[in-house]
Amino acid sequence: MRDPVGYLERCRRRYGPVFTLRWPGMPPMVYFAELGPIREIFRASPDVLRGGESNVVLDFIAGPRSVARLDGAAHKQRRRGMHTPFTRLGPRYAAAMADNTLREFSPREGQILEFRAASQALSLRNLIQCALGVEDPARAERLHALMLEFIARSLNPVMALSWMLLPGASLRAFMIRRVAPLTRRGWGKRVRFAALSRVIAELDALLYATIAEARRELHDARRVDVLSLLARGDEALRDEELRDELMAILVAGHETTSTTLDWAIIELCARPRVMARALAELDEVVGEAAVTVDALPRLRYLRAVLYECLRLHPPVPAVGRRVATATELAGVSLPRGVVVSPSIALLHRDPNLWSAPQRFSPERFLDEQVDRASLIAFGGGTRTCLGKPFSLFQLQVVLATLLTRFTIEPVDWPSARLVQRGLFTGVSHPVRVKVARRR
Ligand code: HEM
């Protein structure tokens, strides 16, 4: 947990590019660290390798009915319905994302702030607005506060162990039905996890209210958020399915994106030469103006900085596919029930694919013959991250807005390490910075 990538690197040195890890209560996980077998895994038939089954750990967090938990024809159909909303989302909300960035940082000019908390708040705010379509400030604030509390309370070691070892969906239902009401009777402090149960129940109620509102506004053409597009889609999704999708989007989308932004600021502040090149490009392409959709394709260096952050610090270090039918891969026979796991973190540090892989060098994405298929931060095949276009779009708009409008200086930084934080990786410390107006 303290050093997830270092640990995997030691396993690779000791056992080679294919090795098995066994965790209590989970099926054996066979890690693959070479491009060939990883490509085979991504291309394999979903009847043989099943991604939804390997995501069972999401049941407590997001519920069992989101796209991430489906397999086969149901997965294919749900993805088809979600793909277009996600690809259209970024451009439609570019101005809102830039505005939210200014709103998050402008009031704090001249102050020292914890960048990690600010970036998390910003990416959550963007998702609540763009994916859920919540415009009412009071509801957006409440959802925001509940999500942060939910994550903070459900990621303590005892809770994490419970939702990994027990059937997550039943545990969740039990907490809502039986434990949450105890807080109303004043037993909240005495009963373990009562506060978390209350947060889950309130979050559910608010999400169902948001879904009901989207259904009432189905014919409002101004609503172009993911929830509205899903509610209007061909697949008539039930409220419970929509709720699970919204939770999955909020959980999968906000920390992954904000952690990438944290790393971008850390790497840029630590490397004056990289920062100077990014600023020179921004001055030429954006100048004093607001960051617009048209400017993004010309921000090649900024994009390379983000790719390099995703390579060296992948928020999701590995993905999984459960073996449904015994099969063989790269000469390894895989019995039914084990999970094969393409190791994103190890592939991204493979010296056969990347020159000086430990070095942070955005230039590799501009000058070298990098095979883009080796960058698998968003997974691959039929399960490639649905939020990829939206996330990359958001990262570019937010980072470009931040760097053109503000100067960001590090304040007493310890050296940043990649650590495991709940389901994803994150930065080891809060990243204190001083923000000042640039123009
Ligand atoms: C830097 C940001 C992000 C990274 C690195 C990332 C990474 C990933 C990865 C590795 C997977 C698993 C893919 C596989 O199994 O092959 C995934 C799946 C998924 N992601 Fe993301 N993600 C990011 C942002 C987002 C955002 C912003 C959203 C939503 C707004 C999102 C929604 C999803 C969904 C719904 C899935 C499940 C897809 C499926 O099972 O078919 N992600 N993501």
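Conventions we followed
- Residues numbered from 1 in each chain as written.
- Predicted model: local features only at pLDDT ≥ 70, side-chain atom pairs only at ≥ 80, totals over all residues.
- Helix = DSSP H or I, 4+ residues; strand = E, 2+ residues; numbered from the N terminus.
- Rg over C-alpha atoms; globule rule 2.2 N^0.38 Å.
- Buried ≥ 20, exposed ≤ 12 C-beta atoms within 10 Å, placed from the backbone.
- Contact = placed C-beta atoms within 7 Å.
- Pairing = 2+ DSSP bridges.
- Axes fitted to C-alpha atoms, helices over the stretch in contact; angles between N-to-C directions.
- Near = placed C-beta within 6 Å.
- Nonpolar A, V, L, I, M, F, W, Y, C, P; charged D, E, K, R; others polar.
- Core = buried A, V, L, I, M, F, W, Y, C linked by C-beta atoms within 7 Å.
- Parallel < 35°, antiparallel > 145°, perpendicular 65-115°, else oblique.
- Left-handed = near helix turned anticlockwise from the far one by under 90°.

Bringing the overall build of the protein chain into the picture now. In terms of regular secondary structure, the protein chain is built from 18 helices and 12 strands. Relative to the compact-globule value of 22 Å for 439 residues, the protein chain shows a C-alpha radius of gyration of 22 Å, a close match. Counting only C-alpha atoms and orienting by the principal axes, one finds that the protein chain spans roughly 55 × 55 × 45 Å. When the 439 residues of the protein chain are sorted by exposure, 43% land in the buried category. For the protein chain, contacts bridging at least 24 residues in sequence account for 71% of all contacts bridging at least 6.

This part is about the sheet that holds strand β4 (residues 112–114). In space, the three strands of this open sheet follow the order β4-β12-β9, with antiparallel pairing throughout. Each edge of the open sheet is held by one strand with a lone partner, namely β4 and β9 (406–410). Strand-to-strand twist across the sheet, computed as the mean angle between neighbouring axes with direction ignored, equals 40 degrees. Its contacts with the sheet place helix α7 (residues 115–130) against β4 and β12 (432–437), and it is angled at close to 60 degrees to β4.

Glancing now at the site of the ligand. The environment of the ligand is made up of 27 residues, and the closest members are Gly253, Thr256, Gly379, Cys385 and Gly387. Listing elements by their share of the shell around the ligand, those giving two or more residues are α13 (239–270) and α18 (388–405). Take the shell around the ligand: its biggest share by element is seven residues, from α13. In the shell around the ligand, the residues fall into 15 nonpolar, 10 polar and two charged.

A separate point is the nonpolar core. Among the nonpolar cores identified, the biggest contains 113 residues, and Leu227, Ala264, Val305, Leu399 and Ala400 are the most heavily contacted of them. If you tally residues by element for this core, the top one is α13, at 14 residues. Excluding residues that lie within four positions of it along the chain, alanine 264 makes contacts with Val305, Leu306, Cys309 and Leu399.

With that settled, consider the sheet that holds strand β2 (residues 29–32). In space, the five strands of this open sheet follow the order β1-β2-β8-β5-β3, with mixed pairing throughout. Both edges of this open sheet fall to β1 (18–21) and β3 (49–50), since each of them pairs with a single strand only. Note: β1 against β2, four bridges, orientation antiparallel. Across the sheet, residue threonine 20 finds its bridge partner in β2, namely valine 30.

Before going further, it helps to spend a moment on the packing of helix α6 (residues 94–105) against α18. The interhelical angle for the contact between α6 and α18, taken along N-to-C directions, is 45 degrees, at an axis separation of 9 Å. Put simply, α6 runs oblique to α18. Handedness of the crossing formed by α6 with α18: right-handed. Here α6 contributes Ala94, Met97, Ala98, Thr101, Leu102 and Phe105 to the contact with α18, which in turn contributes Gln394, Val397, Val398, Thr401, Leu402 and Arg405. Per-class residue counts for the contact of α6 with α18 are eight nonpolar, three polar and one charged.

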